Amino acid sequence: MRAAPPTGPSTDIRDLLLDAAGLSLDKLPMLHVIFDRMATLCAESLRQLASSQAYYSLSQVESGRIGDVLDSYEGMAIVGVFHSPEWDSHVIVGFDRDFVFSMVEVLFGADGSEPPVEEERSFSNIELRIAIALFEQVAKALQGSFALVSQVSFKFQRQETRMDFAVVGRRNNLAICAKFLLQALNRGGEMFVLIPQGALTPLRQQLASTTAGESSPRDPVWTKHIRGEVQRTEVRLRAVLEEREITLGDAAQLEVGQIMPLQATPRSRVKLESVEQPLFWCSLGQAEGSYVLRIEEAVDLDQEFIDDILPR
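Residues numbered from 1 in each chain as written. Predicted model: local features only at pLDDT ≥ 70, side-chain atom pairs only at ≥ 80, totals over all residues. Heavy atoms only, no water.

**Student:** Sorry, what's going on with the environment of Val 149 here?
**Tutor:** Within the secondary structure, Val 149 is located in the loop between helix 5 (125–146) and strand 4 (155–160). For Val 149, a relative accessible area of 14% corresponds to the buried category. Separated by 57 residues in the primary sequence, Val 149 and Gln 206 place their C-alpha atoms 5.9 Å from one another. With residues up to four places along the chain from it excluded, the contact list for Val 149 reads Met 30, Ile 34, Leu 203, Gln 206 and Leu 207. (Helix = DSSP H or I, 4+ residues; strand = E, 2+ residues; numbered from the N terminus. Buried < 20%, exposed > 50% of the residue type's maximum accessible area, 1.4 Å probe, protein only. Contact = heavy atoms within 4.5 Å.)

Listed below in structure tokens is the structure:
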């Protein structure tokens, strides 16, 4: 006589193996860096399409089963299914109803004076088409964010409003779910990104490269932008031939046309500074009828401080 197999969910050997192979979010700090960057890129791409300000923020990153996550959005979201050839896996991006309705108002120039849509209805064709355009923007942001650890692309395959049709792989497969909040026109919504853990397992070492207390990797786009802005910034330089201290009484007796003799000579070094910050020691000369400065060495601030406090 053969005994009946156990019926408890925890006794399924496939589920036990999946649980054992799950990724620990605490050991993958780069995921939060990537999704934070994704929120920034999404906001930047939306700024080019809409005049109203819209803000994305990462609310949480959690682990769960694909079926359970999608079931929580049944009847209240649009999802896009993407394929990643480099990962040989699928990724799901979803917008809840509030996100879609808010985004329609933002893109069509609403000012937020009308009340938000609260009726339970199916999505219109316009809303579905706008969602497809937004999916493409999110895919580019996701690709740019994961460029920190992996060169990957995401190709849009289909759009679904039924969560049963959006399941990729087995429903009880583990996945990483990142949730984002949209704030615009005094309302907002939620966007989520669902990535199977099997796609991220090969990247375990790269995702664990940032430990607690370390700074986030530099964003090459922002680094290039900031460098360009800094290089175009205008600064005012001042050449100081000689400095002396006088009393307030002496300063009060100065008159227009008065000549003040200097102790400096043509061989005296000239201090080049900006915003009262010493930069370089220079020598004074002439070229083509103009005074010129030749930089000789950088100012040693530590030595200057010592010279000031020591008696002469």
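Read on for the rest.
**Student:** Can you help me understand the packing of aromatic side chains in this one?
**Tutor:** The description of an aromatic ring pair uses the distance of the two centres, along with the angle that the planes make with each other. Overall, the coordinates contain 12 aromatic pairs when judged by the stated rule. Here Trp 87 and Phe 146 contribute two aromatic rings whose centre-to-centre distance is 5.1 Å and whose plane-to-plane angle is 80°, an arrangement assigned as edge-to-face. One end of the pair, Trp 87, is in the loop between strand 2 (77–84) and strand 3 (89–96); the other, Phe 146, is in helix 5, and 59 residues separate them in sequence. In terms of burial, Trp 87 and Phe 146 fall into one category: buried. An aromatic cluster of at least three residues, connected via ring pairs, comprises Tyr 56, Phe 82, Phe 95, Phe 99, Phe 135 and Phe 156. A cation sits over an aromatic face here: Arg 97 above Phe 123, 5.5 Å from the ring centre. Directly above the aromatic system of Phe 165 lies the positively charged group of Arg 162, at a separation of 4.8 Å from the ring centroid. (Phe/Tyr/Trp six-rings, centres within 6.5 Å; stacked < 30°, edge-to-face > 60°. Lys NZ or Arg CZ within 6 Å of the ring centre and 35° of its normal.)

**Student:** Honestly, the packing of helix 2 (residues 29–47) against helix 5 in this entry has me stumped. Any pointers?
**Tutor:** The relative placement of two packed helices comes down to the angle between their axes together with the axis-to-axis distance. Packing of helix 2 against helix 5 brings their axes to within 8 Å, and their N-to-C directions diverge by 140°. On the basis of the axis angle, helix 2 is oblique to helix 5. Between helix 2 and helix 5 lies a crossing whose hand is right-handed. In this structure, helix 2 contributes Leu 31, Ile 34, Phe 35, Arg 37, Met 38, Leu 41, Cys 42 and Ser 45 to the contact, and helix 5 contributes Gln 137, Val 138, Ala 141, Leu 142, Gly 144, Ser 145 and Phe 146. (Axes fitted to C-alpha atoms, helices over the stretch in contact; angles between N-to-C directions. Parallel < 35°, antiparallel > 145°, perpendicular 65-115°, else oblique. Left-handed = near helix turned anticlockwise from the far one by under 90°.)

**Student:** Just to check I follow, could you spell out the environment of Thr 201 for this structure?
**Tutor:** Relative to the helices and strands, Thr 201 resides in the loop between helix 7 (197–200) and helix 8 (204–207). Judged by its relative accessible area of 32%, Thr 201 falls in the partly exposed class. Remark: the alpha-carbon pair of Thr 201 and Leu 23, spanning 178 residues in sequence, is separated by 7.4 Å. At a separation of 2.9 Å, a polar atom in the side chain of Thr 201 contacts the main-chain carbonyl oxygen of Gln 197. (Polar contact = N/O pair within 3.5 Å; in protein donor to acceptor, adjacent residues only side chain to side chain.)

**Student:** Explanation requested: the sheet that holds strand 3 in the structure shown.
**Tutor:** Within a sheet, each strand pairs with its neighbour through backbone hydrogen bonds, oriented either parallel or antiparallel. Spatially, 1-5-6-3-2-4 is the arrangement adopted by the 6 strands of the open sheet, whose pairing is antiparallel. Looking at strand neighbours, the two that pair on one side only are strand 1 (54–65) and strand 4, the edges of this open sheet. Put simply, the sheet's adjacent strands are angled 20° from each other on average, direction ignored. Relative to strand 5 (residues 174–184), strand 1 is paired through 11 bridges, and the arrangement is antiparallel. (Pairing = 2+ DSSP bridges.)

**Student:** Can you help me understand the pattern of salt bridges in this one?
**Tutor:** Once the charged atoms of two side chains with opposite charge are near each other, the side chains can pair. A complete count under the given rule lists 10 salt bridges for this structure. We note a salt bridge from Arg 171 to Asp 71, for which the minimum N-O separation is 2.5 Å. With Arg 171 in the loop between helix 6 (163–166) and strand 5 and Asp 71 in helix 3 (residues 66–71), this residue pair connects regions lying 100 residues apart in the sequence. Taking the relative accessible area as the measure of exposure, Asp 71 reaches 36% and is therefore partly exposed. (Salt bridge = Lys/Arg side-chain N within 4 Å of Asp/Glu carboxyl O.)

**Student:** Can you help me understand the side chain of Glu 160 in this one?
**Tutor:** By secondary structure assignment, the location of Glu 160 is in strand 4. Only 3.1 Å separates the side chain of Glu 160 from the side chain of Arg 158, close enough to count as a polar contact. Dropping the residues within four chain positions of it, Glu 160 is found in contact with Ala 77, Ile 78, Val 79, Phe 165 and Ala 166.

**Student:** I keep staring at a nonpolar patch on the surface and nothing clicks. Help me out?
**Tutor:** A grouping of Leu 241, Leu 262, Leu 284, Tyr 291 and Leu 293 is seen on the molecular surface, where their side chains present a nonpolar patch of about 490 Å² in accessible area. Residue Tyr 291 is classed as exposed on the basis of its relative accessible area of 67%. (Patch = residues over 30% accessible without salt bridge, like charges linked within 9 Å, V, L, I, M, F, W, Y side chains within 5 Å. Areas by Shrake-Rupley, 256 points an atom, 1.4 Å probe, with all protein chains shown as cover.)

**Student:** How should I be thinking about helix 4 (residues 97–107) in this particular structure?
**Tutor:** Two residues of an α-helix separated by three or four positions point the same way, owing to the 3.6 residues in each turn. The buried fraction of helix 4 amounts to 9 of the 11 residues, a majority that puts the element mostly inside the structure. When we look at burial in helix 4, the residues that qualify are Arg 97, Phe 99, Val 100, Phe 101, Ser 102, Met 103, Val 104, Glu 105 and Val 106. A positive phi of about 80° marks Gly 109, the residue just after helix 4.

**Student:** Quick question: what am I supposed to make of the confidence of the model for the protein chain here?
**Tutor:** Confidence in the prediction for the protein chain averages 82 pLDDT; 85% of positions are at 70 or higher. Confidence drops under pLDDT 50 across residues 1–11; counting only partners more than four residues distant or on other chains, this segment forms 4 contacts. (pLDDT = per-residue confidence, 0-100.)

**Student:** Could you clarify how one ought to interpret the sheet that holds strand 7 (residues 238–240) in this entry?
**Tutor:** Within the open sheet, the 4 strands sit side by side as 7-8-9-10. Their pairing is antiparallel. Bordering the open sheet on either side are strand 7 and strand 10 (290–298), each of which pairs with just one other strand. Looking at each pair of strands side by side, their axes are set apart by 40° on average, direction ignored. Across 6 bridges, the pairing between strand 8 (residues 269–274) and strand 9 (residues 277–287) is antiparallel. Within strand 9, the residue paired with Arg 269 across the bridge is Ser 283.

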